[in-house]
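So the chains spell out like this:
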Amino acid sequence: MRHSVFSSDLDPNGPTPLYLQVGHHISGLIGKDSRFMERLPSEAELCQMYGVSRITVRQALSYLAERDIVVRQHGRGTFVGALHRPGRQQTIHSFFEILAGKGLSPEMTLLDYRMRPPPEEVAEALSLTGDALFIRRGYRSEEGPLGVTEVFYPGQLAELVTPELAACTTSASILQDVLKLHISHADISIGLSRASQDVAEWLKVDTGAPLMRIKRVTTCIGQGVCEYSRLLVTEGTADFRINADGEMLTESMT
């Protein structure tokens, strides 16, 4: 077909059924290709893109829907699913902004800046096979340390984020104000971590002490996942909640 832009990515004679190949390919495009953001192309458009029958496309979409990767709405089309993520927001805010909004006067210090192999979870989120740019920043006020952020950037952005920029600009501002990227969405989750030695020294806690971890995976239009960040704070420093729209809010600061 004339518009079969993805047909070369399929192997009709391979051991994997064609509908699974199409489903896996679509899953890999979600959040990375501007045509596969909040809403997927129509079945007819997918048939043209992949050069396959409508039955194959429907089987592929059913496979994705069974795994909550997409949601099919009768008469409306196919939409990107929640992907089991506990929070999703359309804009992102820096920890610095959150602190300033609470009436504090935070100071930001660049603690680490280097290329390094990312943890497996980060590599998977950023679709990386090589090193990522790693940035660690510490935040404090007159009362003492407030938190630490750890940010990973994929290789295509690493050259654009210099040490000088990382030292004086928050990650949210780098993405939106400096690099002029447009945020598609950010997925937020909250959990617990153990303080590494470097983080513990900044926060003045014991190595291995429990910390609240707020993870953010940011997707940019046309770029895919463009940032993986973690905010680490001690218990009692801040109370967070995620509202019904996926927005991360602070309840209080101590």
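Criteria and thresholds
Residue positions are counted from 1 within each chain, in the order its sequence is given. Local features in this predicted model are restricted to residues whose pLDDT is 70 or higher, and side-chain atom pairs enter the listing and the counts only when it is 80 or higher, whereas totals over whole chains, interfaces and linings include all residues. Computation of side-chain values: all heavy atoms of the structure, hydrogens and water removed. A pair of strands counts as paired when DSSP detects no fewer than two bridges linking them. Runs of H or I in DSSP of at least four residues are treated as helices and runs of E of at least two as strands, each being numbered from the N terminus. Here's how the labels work: a residue is buried when its accessible area is under 20% of the maximum for its type, exposed when over 50%, partly exposed in between, all with a 1.4 Å probe on protein chains only. A pocket here means an open set of points on a 1 Å grid, computed over the protein atoms alone, that has protein on both sides within 12 Å along at least five of seven lines. A cavity is instead a set of points where a 1.4 Å probe fits but cannot get out; residues with an atom within 4 Å of a point line either one. Grid points are joined across faces, edges and corners, and a volume is the space filled by probe spheres set on the points. Following the grouping adopted for this structure description, the nonpolar residues are Ala, Val, Leu, Ile, Met, Phe, Trp, Tyr, Cys and Pro, the charged ones are Asp, Glu, Lys and Arg, and the polar ones are all others, Gly among them.

**Quick notes on the pairing of strand β1 (residues 70-73)**
Sheet topology places β1 next to strand β2 (residues 77-80); four bridges connect them, and they run antiparallel. Its bridge partner lying in β2, Val-71 is registered against Phe-79. In this structure, the hairpin formed by β1 and β2 is closed by a connection of three residues, where Gly-75 is found at a positive phi of approximately 85°.

**Observations regarding unusual backbone geometry**
We note that Ser-127 has phi near 55°; this positive angle belongs to a residue other than glycine. Among the secondary structure elements, Ser-127 is positioned in the loop between α5 (120-126) and β5 (132-141). Relative accessible area serves as the criterion here: at 41%, Ser-127 is assigned to the partly exposed category. Within the chain, Lys-204 stands out as a residue other than glycine whose phi angle is a positive 60°. Note on placement: Lys-204 falls in the loop between α9 (197-203) and β8 (210-220).

**Details of the layout of surface pockets**
Here the second largest pocket is characterised by a volume of approximately 170 Å³. In this structure, the second largest pocket is lined by 13 residues; those nearest its centre are Glu-43, Gln-73, Arg-76, Gly-77 and Thr-78. Its residues assigned to classes, the lining of the second largest pocket comprises three nonpolar, six polar and four charged.

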